[in-house]
Amino acid sequence: MYILGIESSCDETAVAVVERGDKNAVLAEQIKSQVDLHSPYGGIVPEIAARTHCAAIDLLTRQALRQAGLGIDDIEMLALTLGPGLVGSLLIGLAFAKGMALAHDLPLVAVDHITAHIEAPFISHQEIAYPLLALVVSGGHTSLFYLEEKFNSRVIAKTRDDAAGEIMDKVAKHFGLGYPGGPLLDELFVKGDPEKFTFKMPRMSDGGPDFSFSGYKSALLRQAQALAIQPGSQDFYDLLASFLSALVNYLIHKTLAAAKGLPVRSLIVSGGVSRNSLLRQRFSRECTHLNIPLYLAEPRYCTDNAAMIAWLGYEKYLAYPSLNYFDLYLNSYSRASFRESGKHR
Ligand code: KG4
Ligand code: ZN
């Protein structure tokens, strides 16, 4: 089955074509990143994001079909990100997908963006065993999910304030390094000594498994101010490297602590921040040591992409063949109700 996936939840417009069934492969992936447009503002401007999706989505779809060597008539299903995300951006994808579904009489499957991040490692590893624990760590989310089986997930922990990627983006913005901050901290890591500065690991007052990142940013800014550390100095690179190292250790510590109390057969780490070299290296080392099968999303499927949307769309189509996603409109009530109501097309 040939599936066309559409992702427009944030600042990447992405269209992918995947083949599922007898063969399982990503045939095409076209992504237009809007980083250059949002970079001067140090963060995403929702109106710019929506307008740019609007201008890009049609051309990207044509390019994806050409890359896959297919025509629209070969496509058998559409998959779309319904949320969470920026509402203007999501609406562009929804309007475009509904138009295509109507014009070409195609089934349309809407998927949850976070669940798609969890699905991303399955693109290269269909053997991943359940039950599993998944850490989704991105610019909008830092959550741990326990999945007894596909589509049966439970939130184990989430961030009480910022997401891990968001904290990196804010720190980079504060020092005028650019946007997004995560890849910049990744690149600068080799210039610094990660042992030079210490960051205390936060503990939840209720002893719960949730994350909290805002204290890391405050501690970093406090140390930079107290020692009058200037951007570009060796102390600055040491401080950034120590900060990144502390964040990574915290993510690993919380994830492995949660895994200890659950009968998990696999550990998944996905989302934009899972592209980080240090995180990948340290997670791999710890999991090898503890003999936990670790599945990291491939770097290109860590950040937002449409291949993971199409991949999950197919799984959802198999699991819920009679669900009708066509009369969806975007609000949290419809999202909650379409999962439960199972309307027939
Ligand atoms: O998954 P994603 O593309 O979008 C969301 O759903 O949020 O993640 C974007 C986040 C940004 O905060 C960005 O700074 C972070 O992922 N990121 C990284 C790296 N590449 C992207 N963080 C650390 N190291 C990286 N190499
Ligand atoms: Zn994402």
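Now for a look at the structure at hand. Note that the structure is a prediction, hence the values are computed from the model and not measured. (Residues numbered from 1 in each chain as written. Chains lettered and ligands numbered in written order. Predicted model: local features only at pLDDT ≥ 70, side-chain atom pairs only at ≥ 80, totals over all residues. Heavy atoms only, no water.)

**Section: the environment of Arg-160**
Here comes step 1: Turning to its location among the elements, Arg-160 is positioned in the loop between strand 8 (152-158) and helix 5 (164-174).
Here comes step 2: Residue classification places Arg-160 among the partly exposed positions, given a relative accessible area of 44%.
Here comes step 3: Taking the C-alpha atoms as reference, Arg-160 lies 6.0 Å from Phe-211; in sequence the two are 51 residues apart.
Here comes step 4: When sequence neighbours within four positions are dropped, the list of residues in contact with Arg-160 reads Met-204, Asp-206, Asp-210 and Phe-211.
Here comes step 5: Among the polar contacts made by the side chain of Arg-160, one reaches the side chain of Asp-206 at a distance of 2.9 Å. (Helix = DSSP H or I, 4+ residues; strand = E, 2+ residues; numbered from the N terminus. Buried < 20%, exposed > 50% of the residue type's maximum accessible area, 1.4 Å probe, protein only. Contact = heavy atoms within 4.5 Å. Polar contact = N/O pair within 3.5 Å; in protein donor to acceptor, adjacent residues only side chain to side chain.)

**Observations concerning the site of ligand 1**
Here comes step 1: In the neighbourhood of ligand 1, 20 residues make up the surrounding shell, with Gly-139, Asp-169, Gly-182, Asp-186 and Asp-304 lying closest.
Here comes step 2: Between His-117 and ligand 1, the recorded distance is 3.3 Å, taken from a side-chain N or O atom to an oxygen atom.
Here comes step 3: Between an oxygen atom of ligand 1 and a main-chain N or O atom of Asp-304, the distance comes to 3.0 Å.
Here comes step 4: Protein chains bury 90% of the 560 Å² of accessible surface belonging to ligand 1 in isolation.
Here comes step 5: Listing elements by their share of the shell around ligand 1, those giving two or more residues are helix 4 (113-119), helix 5 and helix 6 (181-188). (Near = heavy atom within 4 Å. Areas by Shrake-Rupley, 256 points an atom, 1.4 Å probe, with all protein chains shown as cover.)

**Quick look at the pairing of strand 1 (residues 2-7)**
Here comes step 1: With 5 of 6 residues buried, strand 1 is to be regarded as a mostly interior element.
Here comes step 2: Sheet analysis places strand 1 next to strand 2 (residues 12-19), joined by 6 bridges and oriented antiparallel. Bridge assignment links Gly-5 to a residue of strand 2, and that residue is Ala-16.
Here comes step 3: Between strand 1 and strand 2, which pair antiparallel one after the other, the connecting turn spans 4 residues.
Here comes step 4: Pairing between strand 1 and strand 4 (residues 77-83): 4 bridges, direction parallel. Bridging across to strand 4, Ile-6 finds its partner in Leu-80. (Pairing = 2+ DSSP bridges.)

Remember, this is a structural readout, not a statement about activity or role.
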